[in-house]
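Listed here are the chains, written in short residue letters.
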Amino acid sequence: VKAGPRRILVLNGPNLNLLGQREPEIYGRTTLAEVVARLEALGDELGVAVEHHQSNHEGELIDRVHEAMAEPVDGLLVNAGAYTHTSIALRDALLGAGLPFVEVHLSNLARREPFRHQSLLADAALGVVQGFGPLSYELGLRALVALLPPR
Ligand code: DQA
C-alpha cells in the first residue's frame, strides 16, 4: 500500500486571526489567510499536505492536538501566540501527542517585553524560528519537513 503525502498541521493561537490589522508595526500587514495560502503552496512544493487550525481558545487548541494524534498528523507548525508564555496545558498536550513540532513567531521575542522571553514550548520543539514575519512560518515548515523521521 502506497502511503499518502505526509500531513502537517499548522496551529495558530489567540489573536492570530487578526493578522494584517493587529499592531502592524510588530506583526506586519500580511493576513493569516495569506500566510496559510503561502504554506499550502510551499507544502505542494515539498510534497506534504498542509492543514490549518486557528483558535482563540486554549482548550480548543489542545483538542486539536489530540485529534492530530489520532488522524495521524506527521508534524506540527505551532504559533501559540500568548499561550506560548503561559500554557503548561498546551505544552503537555504537545508532549503527550509525541508529535514533532516547530515553534514559530512573527516577531523576535528577544527584542520584546521580558514576559515574552520565556517560551513554555521551546525546549520541547525541534526548533524555533522567530523574527522574520510570515517568513518564519515558511522557514519553519521547511525545517519541519526536512527533520520528519523517515517512515
Ligand atoms: C507571537 C508573539 C507572542 O508573544 C504574542 O502573544 C503573539 C504573537 C508572534 O508570532 O510574534 O500573539 O507569537
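Shown above is the structure to which this text applies.
Residues numbered from 1 in each chain as written. Predicted model: local features only at pLDDT ≥ 70, side-chain atom pairs only at ≥ 80, totals over all residues. Heavy atoms only, no water.

We now examine the overall build of the protein. When helices and strands are tallied, the protein shows 6 helices and 5 strands. Sequence-ordered secondary structure for the protein, helices as α and strands as β, is β-α-α-β-α-β-α-α-β-β-α. Across its three principal axes, the protein shows a C-alpha extent of roughly 50 × 30 × 25 Å. Counting the 151 residues in the protein, one finds 48% classified as buried. Sequence-distant contacts, at least 24 apart, represent 77% of the contacts inside the protein between residues at least 6 apart. Of the roughly 7500 Å² that the protein leaves accessible, carbon and sulfur atoms contribute 54%. For the protein, the distance from the average site of its 13 positive side-chain charges to the average site of its 18 negative ones is 5 Å. (Helix = DSSP H or I, 4+ residues; strand = E, 2+ residues; numbered from the N terminus. Buried < 20%, exposed > 50% of the residue type's maximum accessible area, 1.4 Å probe, protein only. Contact = heavy atoms within 4.5 Å. Areas by Shrake-Rupley, 256 points an atom, 1.4 Å probe, with all protein chains shown as cover. Lys, Arg positive; Asp, Glu negative; His and termini not counted. Charge placed at Lys NZ, Arg CZ, Asp CG, Glu CD.)

Residues in close proximity to the ligand include Arg 22, Tyr 27, Asn 79, Gly 81, Ala 82, His 85, His 105, Leu 106, Ser 107, Leu 109 and Arg 116, which together make up its full environment. In this structure, an oxygen atom belonging to the ligand sits 3.1 Å away from a main-chain N or O atom of Ala 82. In isolation the ligand offers 320 Å² of accessible surface; the protein chains occlude 99% of this area. Comparing atom positions with the cavity grids shows the ligand to sit within the largest cavity. For the shell around the ligand, the per-class residue count stands at 4 nonpolar, 5 polar and 2 charged. (Near = heavy atom within 4 Å. Polar contact = N/O pair within 3.5 Å; in protein donor to acceptor, adjacent residues only side chain to side chain. 1 Å grid on protein atoms, 1.4 Å probe; cavity = no way out; pocket = protein on both sides within 12 Å on 5 of 7 lines; lining within 4 Å. Sits in = over half its atoms within 2 Å of the grid points. Nonpolar A, V, L, I, M, F, W, Y, C, P; charged D, E, K, R; others polar.)

Within this structure, the stated rule accounts for 1 cavity of 30 Å³ or more. Taken as a whole, the largest cavity spans an internal volume of roughly 110 Å³. What lines the largest cavity is a set of 13 residues, and nearest its centre among them are Tyr 27, Asn 79, Gly 81, His 105 and Arg 112. Taken together, the residues of the lining of the largest cavity break down into 5 nonpolar, 5 polar and 3 charged. (Points joined across faces, edges and corners; volume = space filled by probe spheres on them.)

Spatially, the 5 strands line up as an open sheet ordered S2-S1-S3-S4-S5, and their pairing is parallel. Edge strands, defined here as strands with exactly one partner in the open sheet, are strand S2 (48–54) and strand S5 (127–130). With strand direction ignored, the average angle separating the axes of adjacent strands in the sheet is 20 degrees. Summarising the sheet, strand S4 (residues 101–105) and S5 pair through 4 bridges and their orientation is parallel. By the bridge assignment, Glu 103 is partnered in S5 with Val 128. (Pairing = 2+ DSSP bridges. Axes fitted to C-alpha atoms, helices over the stretch in contact; angles between N-to-C directions.)

A separate point is the nonpolar core. General note: in soluble globular proteins, nonpolar side chains tend to be found buried as a group. If you look at the biggest cluster of nonpolar residues, it comprises 22 residues, and the most contacted ones within it are Ile 8, Leu 19, Leu 39, Leu 77, Tyr 137 and Leu 141. Among the secondary structure elements, those contributing two or more residues to this core are strand S1 (6–12), helix H2 (32–46), S2, S4 and helix H6 (134–147). Here this core gets 5 residues from one element, more than from any other, and that element is H2. Not counting the four nearest positions on each side in its chain, Ile 8 is found in contact with Val 48, Ala 49, Val 50, Glu 51, Val 73, Gly 75, Leu 77, Leu 141, Leu 144, Val 145 and Leu 148. Core analysis: the second largest hydrophobic core is formed by 19 residues, Ala 68, Val 73, Leu 76 and Leu 121 among them. (Core = buried A, V, L, I, M, F, W, Y, C linked by side-chain atoms within 4.5 Å.)

Turning next to the packing of H2 against H6. Two elements in contact, H2 and H6, have axes whose closest approach is 10 Å; the angle formed by their N-to-C orientations is 25 degrees. Accordingly, the angle class assigned to the pair H2 and H6 is roughly parallel. In this structure, H2 crosses over H6, and the sense of that crossing is right-handed. Residues Val 35, Arg 38, Leu 39, Leu 42, Gly 43, Glu 45 and Leu 46 of H2 lie in contact with H6, whose contacting residues are Pro 134, Tyr 137, Glu 138, Leu 141, Arg 142 and Val 145. (Parallel < 35°, antiparallel > 145°, perpendicular 65-115°, else oblique. Left-handed = near helix turned anticlockwise from the far one by under 90°.)

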